[in-house]
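# Chains, contacts and geometry: an overview
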Amino acid sequence: MTQAVRIKDFYRAAPTSLQAMIALSTSVKKSALGIRLVELVNLRISQINGCGVCVDMHWRDLIKQGLDPRHINAIAGWREAPPSFFSDSERAALNWAEAVNALPHKQPGDDDFALLKTHFDDNQIIELSYGIAVIRGWNVINASLHNQIPEVPAPGF
């Protein structure tokens, strides 16, 4: 059962705010984290938040990057994935992303932060946190407005 789209021309409404969200997303993708890590986090958070539009978009981006489809599929269960699927730093970032995404119901623990600090400097941690915030924002917008996974993705997406 498909839910009806609530605002059909979402991308034309509130263009200034839309451009700000796009700018933050673009900034994080250009950070020292690397596009692969950003997209892994984007996909995982979108899975958790049930945003089909974002799951589809970030899955396609990881495929374009050449990531093995089995590895992409394993993101939902990354803790059980073989060590060769995700690096230690990717696992630390996924762990942090899940912990931050659980706010306000659960706070990220000191152990989560300590693990993150073993792989990332302060600047990268802040960039990762901006990335988590912006993908959560996209998830909230798309899911609450019932934006649909496009049958044919728009050019550039």
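Up top you'll find the structure we're talking about.
Residues numbered from 1 in each chain as written. Predicted model: local features only at pLDDT ≥ 70, side-chain atom pairs only at ≥ 80, totals over all residues. Heavy atoms only, no water.

## Topic: the side chain of Arg-91
- Tracing the chain through its elements places Arg-91 in helix H5 (residues 88–101).
- Asp-88 is the oppositely charged side chain nearest to the buried, salt-bridge-free Arg-91, at an N-O distance of 5.0 Å.
- A polar side-chain atom of Arg-91 sits 3.2 Å from the main-chain carbonyl oxygen of Phe-86.
- Filtering out sequence-adjacent residues up to four positions away, Arg-91 remains in contact with Trp-78, Arg-79, Ala-81, Pro-82, Pro-83 and Phe-86. (Helix = DSSP H or I, 4+ residues; strand = E, 2+ residues; numbered from the N terminus. Buried < 20%, exposed > 50% of the residue type's maximum accessible area, 1.4 Å probe, protein only. Lys, Arg positive; Asp, Glu negative; His and termini not counted. Salt bridge = Lys/Arg side-chain N within 4 Å of Asp/Glu carboxyl O. Polar contact = N/O pair within 3.5 Å; in protein donor to acceptor, adjacent residues only side chain to side chain. Contact = heavy atoms within 4.5 Å.)

## Some remarks on the environment of Phe-113
- Its place among the elements puts Phe-113 in helix H6 (residues 110–117).
- As a C-alpha pair, Phe-113 and Trp-96 span 17 residues in sequence and 7.2 Å in three-dimensional space.
- In contact with Phe-113, other than residues within four places in its own chain, are Trp-96 and Ile-125.

## Points about the layout of surface pockets
- Considered as a void within the structure, the second largest pocket measures approximately 300 Å³ in volume.
- Every residue lining the second largest pocket is counted, 15 residues in all, and those nearest its centre are Tyr-11, Val-53, Asn-147, Gln-148 and Pro-150.
- In the lining of the second largest pocket, the residues fall into ten nonpolar, two polar and three charged. (1 Å grid on protein atoms, 1.4 Å probe; cavity = no way out; pocket = protein on both sides within 12 Å on 5 of 7 lines; lining within 4 Å. Points joined across faces, edges and corners; volume = space filled by probe spheres on them. Nonpolar A, V, L, I, M, F, W, Y, C, P; charged D, E, K, R; others polar.)

## So, the state of the cysteines
- Inspection of every chain in the model, using the stated rule, returns zero disulfides.
- The closest cysteine sulfur to the non-disulfide-bonded Cys-51 is located on Cys-54, 3.3 Å from its own sulfur.
- Note on Cys-51: relative accessible area 2%, which makes it buried.
- When its relative accessible area of 3% is taken as the criterion, Cys-54 is described as buried. (Disulfide = S-S within 2.5 Å.)

## What to know about empty space enclosed by the protein
- Counted under the stated rule, the structure contains one cavity of 30 Å³ or more.
- Approximately 30 Å³ is the volume attributed to the largest cavity.
- If you go around the largest cavity, the residues you meet are Val-28, Leu-33, Val-38, Val-41, Asn-42, Leu-128 and Gly-131.
- Secondary-structure elements contributing two or more residues to the lining of the largest cavity are helix H2 (35–49) and helix H7 (122–144).
- Here the residues of the lining of the largest cavity sort into five nonpolar, two polar and no charged.

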